[in-house]
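# Structural description and commentary
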Amino acid sequence: MERYSRQVLFPPVGESGQNKISMKHVLIIGAGALGSALSEMLVRAGIKALTIVDRDYVEYSNLQRQQLYTEQDAENRMPKAEAARRRLEMVNSDVQIKAIVTDATSEVMGPLVINADLILDATDNFETRMVINDLSQKHRTPWIYGACVGSTGMCLTILPGKTPCLNCLMKSIPIQGLTCDTGGIISPAVQMAAAHQMAEAIKILVEDYEAVREGLVFFDLWNNDYQQFKTGKMKKDGCLSCGSNPQYPFLERDNVTKTAVLCGRDTVQVRPPRHMRLNFDTLARQLIQGGYQVDGNAFLLSVQGEGKRIVLFQDGRALIHETKDIHEAKSIYHRILG
Amino acid sequence: MERYSRQVLFPPVGESGQNKISMKHVLIIGAGALGSALSEMLVRAGIKALTIVDRDYVEYSNLQRQQLYTEQDAENRMPKAEAARRRLEMVNSDVQIKAIVTDATSEVMGPLVINADLILDATDNFETRMVINDLSQKHRTPWIYGACVGSTGMCLTILPGKTPCLNCLMKSIPIQGLTCDTGGIISPAVQMAAAHQMAEAIKILVEDYEAVREGLVFFDLWNNDYQQFKTGKMKKDGCLSCGSNPQYPFLERDNVTKTAVLCGRDTVQVRPPRHMRLNFDTLARQLIQGGYQVDGNAFLLSVQGEGKRIVLFQDGRALIHETKDIHEAKSIYHRILG
Amino acid sequence: MINILYFASLKEATKLDSEQLDAAGKTVSELKAMIMERHAITLDGAMTAVNEEFTDEGTVLNERDTVAFIPPVSGG
Amino acid sequence: MINILYFASLKEATKLDSEQLDAAGKTVSELKAMIMERHAITLDGAMTAVNEEFTDEGTVLNERDTVAFIPPVSGG
């Protein structure tokens, strides 16, 4: 326990809190910037087991903010979850770490949630967050939403049966937010979002539910903004995810992004769960700012960048050219549209 | 530049900001929790050169929050600055990293400040901070105060000639604050303090002085407190560090903690720069909470912990037994008294 | 008057940190329409808080309320 | 009345987040003496802010001022 002595000395943890921490299994979805910051803090804090799911591999443009990865990982195009596991093993060999290199669909996450005491969100898109939210409600497992872009970020703790859920708050999946690929990001925004998530995680792991933050935090480190917003009024009995008659709509096959490899064309088609109406003007501006070449007409946008050509239709459908890899195609799609 | 693309995309950085970052030399004093978080973010951000000064070696109790270090480093009792350098080289081989394993006295720091564009405070005591503060004023080099304990922390940017300095704000060196060895610490408090320092660092590195935060931030992640306090009123023309007739009092030999090895006794005497009047009741309570065995009378406290016996006198003088190493003795002294 | 606060990308879009608008008695949804026209921006999907509490589009605003608009953050 | 806020270890020492004291017209230094006696705690070295602005011991408090006490943080 000497190893955790400074954490045990913090009175709200103490020896009984450390014992609780040492018996907990945490599931992290995403091994990007937030995922690597969070998994490192959890492993150092001495949880029993960590499962981390990610579909991507390490690229040089990740190194500016994704703390577990080295130049060697980028050189070898190591899958992030596996690169994370290798580094984390060196940090704390007592923690059981499981790396799963795949797309975090509801089929993949469902069985993992059953074994987890807590789910941490480290994804880069609201579609996956809505699936996490439904799984959290279905299995009564708390989860912590966290996100960052530019110098800003957010954190919200969702306790099933107690707080409003993400579906109460957002009603539908928000579209066309800035992403790290269009708005950029600085590393302190990552660490600030992760610090909020991790503080909430420790509260839940030591079972100090009284201390859990009520409401959502928003910060902007460049503009020196910091705001907390209460969420209590948004809890709705009719919510399909957390209300009295839950349907878990985001666990339905119809409500997920669909992909199809277009035969013989080296192209993947990505179709969002619902018809959207993209605002081409806003989107084109963001993409150009993000260094993409953008061309198009009233019906489609043709976007060139990172060695790929993407054609976006107004209803949210996309063709990702020069790939047959559906995971890569979904990554690119979410990077552009959030 | 692909490597820094997400940072360049953040409009307040941009290509011109990245060019500025790539020409800057940053000096970090301390390679503990804040030092490892900050040095990793700076190296990932692509500064030109980093100098990091620390007198300690890696111990198991550091691993819970000091992100650059592994079990192997603790096993080998690697000096922190050197262990940091080795990891940081793997993260970004383009940055010139210099590790200096020694006590950060004014003699050591003086020549280093001359070559630095910015100083980041990652120390654990106000004595060193007051020396940094005087050097910053003398050489007109900005510095960023950061600190954390428990679930709390602070950050303040000091721009010579513009903002009040730490001496204006604190007047004398505060004594008997909680330290990580008496109040404990959780890792998100580290990351939150480091995030604030790093955001301010990027503002200074890209020379966006308009964006620099005015005043001091205080946060408490467990109690969900976050406060910003303006400091402008505290700037004093008569301040001996930053006023119109500066004396840089903390660069004087008389104003530093003195150590002496007591011949043949395996004991180091530590004498603070000024007579203090320790509050034995408060201190004893904190130390007992910190797991030390405390015994004593009206004149002295005898403190046992970490294999060492320390005798503290009411004027702040201390005898550190079972060591002849003056750096170790000063470390122990500052861990106990802050 | 209603005090309006803009955060993150909405600060840049409106080129304002805050402004005051005469909108007491209007609903949140009417205020949003007013602002979207005024600044030629979209508030679709923006989260809305009245006096530091998230609220629905139908909420009626009272004199001196503070309304904050925050774009949801998605990156990670 | 003066609204007093306690932060960090001072929250634990006083077992309060905040309280109201009748101290308008007093100086910061007089208020500190009052609180130290009331709660048998020390405020030596605590930073003091009036209405979110750090201030000296001699500042005279006005009705409805908010005074915050924050212990300096040293760890790193």
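Residues numbered from 1 in each chain as written. Chains lettered and ligands numbered in written order. Predicted model: local features only at pLDDT ≥ 70, side-chain atom pairs only at ≥ 80, totals over all residues. Heavy atoms only, no water.

## Let's talk about the overall build of chain C
The number of helices and strands found in chain C is 2 helices and 5 strands. Counting from the amino terminus, helix and strand elements in chain C follow one another as β-α-β-α-β-β-β. The dimensions of chain C, computed from C-alpha atoms along their principal axes, are 35 × 20 × 15 Å. In chain C, which comprises 76 residues, the proportion classed as buried is 51%. Total accessible area on chain C is roughly 3400 Å²; 46% of this is exposed by carbon and sulfur atoms. Averaging the coordinates of the 6 positive side-chain charges in chain C and doing the same for the 13 negative ones gives two points 5 Å apart. (Helix = DSSP H or I, 4+ residues; strand = E, 2+ residues; numbered from the N terminus. Buried < 20%, exposed > 50% of the residue type's maximum accessible area, 1.4 Å probe, protein only. Areas by Shrake-Rupley, 256 points an atom, 1.4 Å probe, with all protein chains shown as cover. Lys, Arg positive; Asp, Glu negative; His and termini not counted. Charge placed at Lys NZ, Arg CZ, Asp CG, Glu CD.)

## Structural notes on the sheet that holds strand 3 (residues 96–101) of chain B
All names here are of chain B. Strand order in the open sheet formed by 8 strands is 3-2-1-4-5-6-7-8, and the pairing between neighbours is mixed. Edge strands, defined here as strands with exactly one partner in the open sheet, are strand 3 and strand 8 (225–229). When strand polarity is set aside, the average angle formed by the axes of neighbouring strands in this sheet is 15°. Seen against the sheet, helix 10 (residues 187–205) touches strand 1 (25–29), strand 4 (118–121), strand 5 (143–149), strand 6 (152–158), strand 7 (216–220) and strand 8 and runs at an angle of roughly 170° to strand 5. (Pairing = 2+ DSSP bridges. Axes fitted to C-alpha atoms, helices over the stretch in contact; angles between N-to-C directions. Contact = heavy atoms within 4.5 Å.)

## Some thoughts on the interface of chain C and chain A
Note on interface size: it is often stated as the accessible area lost on association of the parts. Listed by partner, the interface residues are 19 residues for chain C and 38 residues for chain A. The contact between chain C and chain A buries some 2300 Å² in all, and 64% of this surface belongs to carbon and sulfur atoms. The three residues of chain C that bury the most area against chain A are Phe54, Val73 and Gly76 of chain C, which together make up 30% of that side's buried surface. Taken together, the links from chain C to chain A amount to 2 salt bridges. The residue Asp225 of chain A makes a salt bridge to Lys11 of chain C at a minimum N-O spacing of 2.8 Å. Where chain C touches chain A, the interface holds 9 residue pairs in polar contact (both at pLDDT 80 or more). If you list the elements that add at least two residues to the side of chain C that touches chain A, you get helix 1 (9–14), strand 3 (47–50), strand 4 (53–54) and strand 5 (66–70) of chain C. When its residues are assigned to classes, the side of chain C that touches chain A shows 10 nonpolar, 5 polar and 4 charged. (Buried area = accessible area lost by both parts, 1.4 Å probe. Salt bridge = Lys/Arg side-chain N within 4 Å of Asp/Glu carboxyl O. Polar contact = N/O pair within 3.5 Å; in protein donor to acceptor, adjacent residues only side chain to side chain. Nonpolar A, V, L, I, M, F, W, Y, C, P; charged D, E, K, R; others polar.)

## Quick word on the pairing of strand 14 (residues 318–321) of chain B
Residue and element names in this part refer to chain B. Residues Ala318 and Ile320 of strand 14 are buried on one face, and the alternating residues Leu319 and His321, pointing to the opposite face, are buried as well. As judged from the 4 bridges shared by strand 10 (residues 267–271) and strand 14, these two strands associate in the antiparallel manner. Pairing of Val270 across the sheet is with Ala318, part of strand 14. Bridging between strand 13 (residues 308–313) and strand 14 involves 3 bridges; their strand directions are antiparallel. Bridge pairing in strand 14 places Val311 opposite Leu319. In this antiparallel pair of consecutive strands, strand 13 and strand 14, the connection spans 4 residues, and Gly316 shows a positive phi of 95°.

## A look at the side chain of Asn224 of chain B
Here Asn224 of chain B lies in the loop between strand 7 and strand 8. There is a polar contact of 2.9 Å between the side chain of Asn224 of chain B and the side chain of Lys203 of chain A.

## Brief notes about the sheet that holds strand 9 (residues 258–262) of chain B
All names here are of chain B. As summarised here, the arrangement of the 6 strands in space is 9-10-14-13-12-11, forming an open sheet in which the pairing is antiparallel. Pairing within the sheet leaves two strands with one partner each, and these edge strands are strand 9 and strand 11 (293–296). Strand-to-strand twist across the sheet, computed as the mean angle between neighbouring axes with direction ignored, equals 20°. Set on the sheet, helix 12 (residues 326–337) makes contact with strand 9, strand 10, strand 12 (300–305), strand 13 and strand 14; between it and strand 13 the angle comes to about 65°.

## Considering the relation of the copies chain A and chain B
Both copies of the chain are placed relative to one another by a rotation about an axis and a shift along it. With an axial shift of 0.0 Å and an RMSD of 0.0 Å, the rotation relating chain A to chain B amounts to 180°. The transformation just described matches what one would write down for a two-fold rotation axis. Both copies contact each other with a shared surface, as 100% of the interface residues of chain A are interface residues in chain B too. (Least-squares fit on C-alpha atoms with pLDDT ≥ 70 in both.)

## Let's talk about the arrangement of the chains
The structure contains 3 pairs of chains in contact, of which chains A and B account for the largest number of contacts. Between chain B and chain C there is no contact, and the shortest C-alpha to C-alpha distance separating them is 11 Å.

## Some words on the packing of helix 3 (residues 33–45) of chain B against helix 5 (residues 80–91) of chain B
Describing two packed helices takes the angle between their axes plus the distance from one axis to the other. Residues and elements named next belong to chain B. Here helix 3 crosses helix 5 at 30°, and the two axes come no closer than 10 Å. In terms of orientation, helix 3 and helix 5 fall into the roughly parallel class. Handedness of the helix 3/helix 5 crossing: right-handed. Contact with helix 3, carried on its side by Ser39, Glu40, Val43 and Arg44, involves Arg87, Leu88 and Val91 of helix 5 and no other residues of that element. A per-class count over the contact of helix 3 with helix 5 returns 3 nonpolar, 1 polar and 3 charged. (Parallel < 35°, antiparallel > 145°, perpendicular 65-115°, else oblique. Left-handed = near helix turned anticlockwise from the far one by under 90°.)

## Observations concerning the pattern of salt bridges
Once the charged atoms of two side chains with opposite charge are near each other, the side chains can pair. For the coordinates displayed, the defined rule picks out 36 salt bridges over all chains. Of the charged contacts, one joins Glu82 of chain A and Arg85 of chain A as a salt bridge, the two residues approaching to 2.9 Å between their closest N and O atoms. One end of the pair is Glu82 of chain A and the other is Arg85 of chain A, both in helix 5 (residues 80–91) and 3 residues apart, which spans about a single turn. Overall, Arg85 of chain A belongs to the partly exposed group, its relative accessible area being 23%. Lys236 of chain B serves as the salt-bridge partner of Asp56 of chain D, at 3.6 Å between the closest nitrogen and oxygen. Here the residue Asp56 of chain D occupies a position in the loop between strand 4 (53–54) and strand 5 (66–70), and Lys236 of chain B occupies one in the loop between strand 8 and strand 9, the pair thus bridging two chains. One salt-bridge network, held together by shared partners, links Glu82, Arg85, Arg86 and Glu89 of chain A.

## So, helix 7 (residues 126–139) of chain B
All names here are of chain B. For helix 7, built from 14 residues, the straight-helix expectation of 20 Å at 1.5 Å per residue is met to within 8% by its first-to-last C-alpha distance of 20 Å. Taken across its 14 residues, helix 7 has 12 buried, putting it largely inside the fold. With its phi angle positive at about 55°, Arg140 sits one or two positions after the end of helix 7. (Expected span 1.5 Å × (residues − 1).)

## Here's the deal with the packing of helix 6 (residues 106–114) of chain B against helix 7 of chain B
Residue and element names in this part refer to chain B. As a packed pair, helix 6 and helix 7 sit with axes 10 Å apart at the nearest point and diverge in direction by 35°. The chirality of how helix 6 crosses helix 7 is right-handed. Where helix 6 approaches helix 7, its residues Ser106, Met109, Gly110, Val113 and Ile114 are matched on the opposing element by Thr128, Val131, Ile132, Leu135 and His139. Within the contact of helix 6 with helix 7, the residues separate by chemical class into 6 nonpolar, 4 polar and no charged.

## Concerning empty space enclosed by the protein
Residues and elements named next belong to chain B. Applying the stated criterion across every chain, the model contains 5 cavities of 30 Å³ or more. The space that makes up the largest cavity amounts to roughly 480 Å³. Sorting the residues of the lining of the largest cavity by element identifies strand 2 (49–54), helix 9 (180–183) and helix 12 as the ones contributing at least two each. Among the elements that line the lining of the largest cavity, the one with the most residues is helix 12, at 3 residues. Of the residues contributing to the lining of the largest cavity, the split by class is 7 nonpolar, 14 polar and 11 charged. (1 Å grid on protein atoms, 1.4 Å probe; cavity = no way out; pocket = protein on both sides within 12 Å on 5 of 7 lines; lining within 4 Å. Points joined across faces, edges and corners; volume = space filled by probe spheres on them.)

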